Amino acid sequence: MRNRLRELRKARGFSQAELADAVDVTRQTINAVEADKYDPSLPLAYKLATHFGVPVEHLFINPFREGAGGAAGDVSSMMEAGS
Amino acid sequence: MKSSLERKQRKIGLLVLAMSIAAGVAGGVLARSGTALPAFVILGGLVLVFALAIFATIPWWRSLDPMQRDAQYFGWYWGGAAGAAAALVGIIAFSGTQSILMKGALLVITGQVAGFVLFWIVWRLRHHGGEA
């Protein structure tokens, strides 16, 4: 599932290991999610969204919604939403 | 750099490995005791040792994150099935269908199927949502 996890993580200055610690998963899992190689479970998606203080659909692009891909805005708008 | 969870999993993994080896040694000693002990003592001891070995893996399983669990499901389902099929083909090809090896293989597969059915039923019951 396409997502903005890597952008958001870098914007907040976290390493993959630090983010993994924060949401209690392995670094490989964060890497796989960022690379769109693994779809996270719903609890993990919510945990990540809560950690960044953004709605889940800002972090993970809903492929079933029309116009998916750019509707959720850029990282800076997400940072504002989370602050 | 490893996350805290990976460091924790390494410790748990080493502990589980040590317990599994200990269980294997204990099981081997019991199984080789021959007629020195009554059969029910050997059987009961082996069941206890293997039950403890399985219980010892629970902390490791619970420490896995969702992706690691998915990897285990994928590996055991596809890899386990493919490996068992390949072993069966080899046994049939080299020792026939009536050999002691084949009987042993069928016994193991019967146990796996029975375990699968039992756990499948438990899983479905635990995930039943009740009346619509």
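Quick note: structure is the one above.
Residues numbered from 1 in each chain as written. Chains lettered and ligands numbered in written order. Predicted model: local features only at pLDDT ≥ 70, side-chain atom pairs only at ≥ 80, totals over all residues.

Draft legend 1. Spatial organisation of the overall build of chain B. The helix and strand inventory of chain B stands at five helices and zero strands. Along its sequence from the N terminus, chain B presents helices and strands in the succession α-α-α-α-α. Here the C-alpha radius of gyration of chain B, 19 Å, is well above what a compact globule of 132 residues would show, namely 14 Å. The principal-axis extent of the C-alpha atoms belonging to chain B is close to 50 × 40 × 35 Å. Considering chain B as a whole, with its 132 residues, one finds that 5% of them fall into the buried category. (Helix = DSSP H or I, 4+ residues; strand = E, 2+ residues; numbered from the N terminus. Rg over C-alpha atoms; globule rule 2.2 N^0.38 Å. Buried ≥ 20, exposed ≤ 12 C-beta atoms within 10 Å, placed from the backbone.)

Draft legend 2. Expanded view of unusual backbone geometry. Residue and element names in this part refer to chain A. Phi angles above zero are rare outside glycine, and aspartate 24 is one such case at about 60 degrees. Here aspartate 24 lies in the loop between helix H2 (16–23) and helix H3 (27–34). Of note in the backbone geometry, aspartate 36 takes a positive phi value of approximately 60 degrees without being a glycine. We classify aspartate 36 as partly exposed; it has 13 C-beta atoms within 10 Å.

Draft legend 3. Just helix H1 (residues 4–31) of chain B, in detail. Counted at 1.5 Å a residue, the expected span for H1 of chain B with its 28 residues is 40 Å, and the 40 Å between its end C-alpha atoms agrees. Turning to H1 of chain B, its buried residues number three or more, namely Leu5, Glu6 and Gln9 of chain B. Residues of H1 of chain B that are buried in the fold lie against H2 and H3 of chain A together with helix H3 (58–63) of chain B. (Expected span 1.5 Å × (residues − 1). Contact = placed C-beta atoms within 7 Å.)

Draft legend 4. Just the environment of alanine 20 of chain A, in detail. Take alanine 20 of chain A: it is sitting in helix H2. The buried category is assigned to alanine 20 of chain A, around which 24 C-beta atoms lie within 10 Å. Residues contacting alanine 20 of chain A, with those up to four places away along its chain left out, are Val25, Thr26, Arg27, Thr29 and Ile30 of chain A together with Ser3 and Leu5 of chain B.

Draft legend 5. Representation of the nonpolar core within the structure. Residues and elements named next belong to chain A. Of all hydrophobic cores here, the largest spans 14 residues; its most connected members are Leu5, Ala20, Val25, Ile30, Leu48, Phe52 and Leu59. Among the elements of the structure, helix H1 (5–12), H2, H3 and helix H4 (42–52) are those that each provide at least two residues to this core. Here the element with the most residues in this core is H4; it accounts for three residues. Leucine 59 has contacts with Asn3, Arg4, Leu5, Leu8, Leu48, Ala49, Phe52 and Val54, leaving out every residue within four places of it along the chain. (Core = buried A, V, L, I, M, F, W, Y, C linked by C-beta atoms within 7 Å.)

Draft legend 6. Highlighting the interface of chain B and chain A. Contact residues are listed per partner, giving 10 residues for chain B and 14 residues for chain A. Every element with two or more residues in the side of chain B that touches chain A is listed here: H1 and helix H4 (66–95) of chain B. Taken together, the residues of the side of chain B that touches chain A sort by class into four nonpolar, three polar and three charged. (Nonpolar A, V, L, I, M, F, W, Y, C, P; charged D, E, K, R; others polar.)

Draft legend 7. Inspection of the packing of H4 of chain B against helix H5 (residues 100–126) of chain B at higher detail. Residues and elements named next belong to chain B. It is the contact of H4 with H5, at a shortest axis distance of 10 Å, that shows an interaxial angle of 160 degrees. Viewed along their axes, H4 and H5 adopt a mutual orientation that is roughly antiparallel. In the packing of H4 onto H5, the handedness of the crossing is left-handed. Where H4 abuts H5, its residues Ala84, Ala87, Leu88, Ile91, Ile92 and Ser95 lie against Leu101, Met102, Ala105 and Ile109. The class makeup of the residues in the contact of H4 with H5 is nine nonpolar, one polar and no charged. (Axes fitted to C-alpha atoms, helices over the stretch in contact; angles between N-to-C directions. Parallel < 35°, antiparallel > 145°, perpendicular 65-115°, else oblique. Left-handed = near helix turned anticlockwise from the far one by under 90°.)

Draft legend 8. Region of the structure containing the packing of H1 of chain B against helix H2 (residues 39–56) of chain B. All names here are of chain B. Two elements in contact, H1 and H2, have axes separated by 9 Å at closest approach and are oriented at 170 degrees. With respect to H2, the element H1 is oriented roughly antiparallel. Every residue of H2 that contacts H1 at Val16, Met19, Ser20, Ala23, Ala26, Gly27, Leu30 and Ala31 is listed here: Ile42, Gly45, Leu46, Val49, Phe50, Leu52, Ala53 and Ala56. Partitioned by chemical class, the residues of the contact of H1 with H2 number 13 nonpolar, three polar and no charged.

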